[in-house]
2 protein chains.
Amino acid sequence: MSRWEPDARGRLEKAALELYADRGFDRTTVAEIARRAGLTERTFFRHYADKREVLFHGQSALTDLVVGTLTDAPAGLAPIDAVVGALEAADGFFGERRDGARLRQGVISAHAELRERELIKLAHLAAAMTDALHVRGVPDPTAGLAAEAGIAVFRSAFERWLADDADRDFAQHVRESLQALRAVTAGS
Amino acid sequence: MSRWEPDARGRLEKAALELYADRGFDRTTVAEIARRAGLTERTFFRHYADKREVLFHGQSALTDLVVGTLTDAPAGLAPIDAVVGALEAADGFFGERRDGARLRQGVISAHAELRERELIKLAHLAAAMTDALHVRGVPDPTAGLAAEAGIAVFRSAFERWLADDADRDFAQHVRESLQALRAVTAGS
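What you see is a predicted model, and the numbers here were worked out from it, not measured in a lab.

The tally for this structure, following the rule as stated, stands at 30 salt bridges over all chains. Across the pair A:E116 and B:R117 runs a salt bridge whose closest N-O atoms are separated by 3.7 Å. Taken together, the positions of A:E116 in helix α8 (residues 112-135) and B:R117 in helix α8 (residues 112-135) put the pair across two chains. Using a relative accessible area of 22% as the deciding quantity, one classes A:E116 as partly exposed. Here the residues in one salt-bridge network are A:R160, A:D164, A:R168 and A:E176, joined through shared partners.

Have a look at this one:
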C-alpha cells in the first residue's frame, strides 16, 4: 500500500467529527474513523495519539499562532491591544472552518471530560500569553490580567462567531467582544 | 470508640496539608492522615471521599458563599460590581486561613493533575456566577464577561493575598485587582 495519502489528517478529522456527532464520542472507535476516511488505523496513529486528540490538535496549533503573533506585535502597543490583535489573527485559522467548529463544539459540549480538556487548553493559552507579555516587558499583575481578559474576549467571540448566521468574521467578533468587556469592567 | 470528634474535619485537613507538604501528595495515604489527626480511616471517609477532596472541599464552600452573596446583592448594582462585591465576601471565608492556603497552594502547584482540578473548579465558579447573573436579569454576553472578569480579579487577588506579608485582607486585594483590570482593559 502506498504511503502517499493526500490530506490524510484532514480526512481523518472530518470522518471523526461526523462519527462523534452521529453516534457519540464514546461509541466511536479509531478503526471506524480510519475506515470512513478510507485509511488504515496505522495511518490514524501516525497523525493522532488517540481519538481525543483529533478534537484538540487544532487548539494547539491555534495557541502557537496566537502566541507567535503576540510575540511579534509592535513594541509599544498596550498589552490588551497586543493580546486582542493576536486573537484577531486567529481569523486566518478559523476562516472557512465554521461548520467543522460547530460540529466539534457540539461533541465537546456533550462530554464533561472533553469540556474539562478544553478548559485546560484555554488555561494553557492564557499562561502562554502571560509568558509572551513578560518577554515584552509587561510586569505582573498586568500581564496575567491582560491575558485573562483576552481569554474572556476569545470565549465570548468564539461563541458568537459559532452562532452567527450573518457570516461576520471571527476578528470582528473579537473586536465587539473587547468593546463589551470594556463596557462591563467600566461598570456603573 | 466515641463518635464525638470535635472538629474532625479541620483536624484531618490540617494533618493532610502537613503530610502533603512534607512528603508529597502522591506518597501520603489516608491511613497516615487519619493517624496524624488521631482519628480513624472510617472517620476520614465520613468527611472526605478521597485524599484529593481534602484540597477542594473548601473551594466548593467558597463557590456557595460567593454565588449566594451575588444572588442576594441589591438590585440595580452594575453586574461587575455585584460580582466583585460577592468576591469580597470571600474575605470572611479566607480570614485567618492564610497559612493553610499557602500550604495548599504549594501542594497544588507541584501537581499537574491538581492544578487542572483547580482550574475546573474555577470554571465552575464562573459558570455559577454567570447563571446567578442571568437570574438577576443580566443578558449575554454581559453576564459571561462579568463572571470571567470576576475570575480574573479573583485569581490575581488571591495570588497577591497569598504573597502579602503586610497582612492586608483579601477584600482589599480584590478591590485593587479590579482597579488593575480596569486599567488593563481601558488599554492605550
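Right, let's get into the packing of helix α7 (residues 98-109) of chain A against helix α9 (residues 142-163) of chain A. Residue and element names in this part refer to chain A. Two numbers describe how α7 lies on α9: the axes approach to 10 Å, and their chain directions differ by 110°. With respect to their mutual orientation, α7 and α9 come out roughly perpendicular. Crossing of α7 over α9 shows left-handed handedness. Within the contact between the two elements, α7 uses R98, A101, R102 and Q105 and α9 uses F158, W161, L162 and A163. Among the residues making up the contact of α7 with α9, the classes are represented as five nonpolar, one polar and two charged.

Let us now look at the side chain of B:Q105. Within the element layout of this structure, B:Q105 appears in helix α7 (residues 98-109). For B:Q105, a relative accessible area of 16% puts it in the buried group.

Residue and element names in this part refer to chain A. Relative to the assigned elements, R9 resides in helix α1 (residues 8-23). Accessibility expressed as a relative area gives 29% for R9, which makes it partly exposed. Between the alpha carbons of R9 and Q105 there is a distance of 19 Å; along the sequence they are 96 residues apart. Sequence-distant contacts of R9, that is, excluding residues within four places in its chain, are made with H47, Y48 and H57.

Glancing now at the confidence of the model for chain A. When pLDDT is averaged along chain A, the result is 92; 97% of the residues meet or exceed 70. Of the two predicted TM-score estimates for the complex, the pTM is 0.90 and the ipTM is 0.88.

The next point concerns the relation of the copies chain B and chain A. Rotating chain B by 180° about the axis while translating it 0.0 Å along that axis superimposes it on chain A, leaving an RMSD of 0.0 Å. One copy is carried onto the other by what is essentially a two-fold rotation axis. Within chain B, the C-alpha atom positioned nearest to the axis of rotation is that of B:A149, 3.3 Å from it. Taken together, the interface assignments show that 100% of the residues at the interface of chain B recur at the interface of chain A, consistent with an identical surface on both copies.

This brings us to the interface of chain B and chain A. Taken together, the contact between chain B and chain A spans 28 residues of the former and 28 residues of the latter. A buried area of about 2,300 Å², summed over both sides, lies between chain B and chain A, and 68% of it is on carbon and sulfur atoms. A per-residue breakdown of the area chain B buries against chain A is headed by B:L145, B:V184 and B:T185, which together make up 27% of the total. For the pair chain B and chain A, the number of links is four salt bridges. In this assembly, chain B and chain A are joined by five residue pairs in polar contact (both at pLDDT 80 or more). Put simply, the parts of the chain that give the side of chain B that touches chain A at least two residues each are α5 (79-88), α8, α9 (142-163) and α10 (170-186) of chain B. Per element, the largest residue contribution to the side of chain B that touches chain A is 10 residues, and it comes from α9(B). A class-by-class count of the residues in the side of chain B that touches chain A yields 15 nonpolar, six polar and seven charged.

Along an α-helix, residues three or four positions apart point the same way, because every turn accommodates 3.6 residues. Residue and element names in this part refer to chain B. If you check α7, its first and last C-alpha atoms are 16 Å apart, about what 12 residues at 1.5 Å a residue would give, namely 16 Å. Taken as a whole, α7 has its buried residues at R98, A101, R104, Q105, V107 and I108. Buried residues belonging to α7 abut α1 (8-23), α4 (53-71), α6 (90-94), α8 and α9.

Turning next to the packing of aromatic side chains. For any pair of aromatic rings, the description rests on two quantities: the centre-to-centre distance and the angle between the ring planes. The full count for this structure, using the stated rule, is 24 aromatic pairs over all chains. Their ring planes at 35° and their centres at 5.8 Å tell us that A:F158 and A:W161 sit as a pair that is tilted. Placement of both A:F158 and A:W161 in helix α9 is noted, with a separation of three residues, approximately one turn of the helix. What makes A:F158 buried here is its relative accessible area of 12%. Judged by centre distance (5.2 Å) and plane angle (40°), the rings of B:F94 and B:F158 are tilted. Taken together, the positions of B:F94 in helix α6 and B:F158 in helix α9 put the pair 64 residues apart, joining distant regions of the chain. Note on accessibility: B:F94 and B:F158 belong to one class, buried.

Definitions and limits used
- Residues numbered from 1 in each chain as written.
- Chains lettered and ligands numbered in written order.
- Predicted model: local features only at pLDDT ≥ 70, side-chain atom pairs only at ≥ 80, totals over all residues.
- Heavy atoms only, no water.
- Salt bridge = Lys/Arg side-chain N within 4 Å of Asp/Glu carboxyl O.
- Helix = DSSP H or I, 4+ residues; strand = E, 2+ residues; numbered from the N terminus.
- Buried < 20%, exposed > 50% of the residue type's maximum accessible area, 1.4 Å probe, protein only.
- Axes fitted to C-alpha atoms, helices over the stretch in contact; angles between N-to-C directions.
- Parallel < 35°, antiparallel > 145°, perpendicular 65-115°, else oblique.
- Left-handed = near helix turned anticlockwise from the far one by under 90°.
- Contact = heavy atoms within 4.5 Å.
- Nonpolar A, V, L, I, M, F, W, Y, C, P; charged D, E, K, R; others polar.
- pLDDT = per-residue confidence, 0-100.
- Least-squares fit on C-alpha atoms with pLDDT ≥ 70 in both.
- Buried area = accessible area lost by both parts, 1.4 Å probe.
- Polar contact = N/O pair within 3.5 Å; in protein donor to acceptor, adjacent residues only side chain to side chain.
- Expected span 1.5 Å × (residues − 1).
- Phe/Tyr/Trp six-rings, centres within 6.5 Å; stacked < 30°, edge-to-face > 60°.

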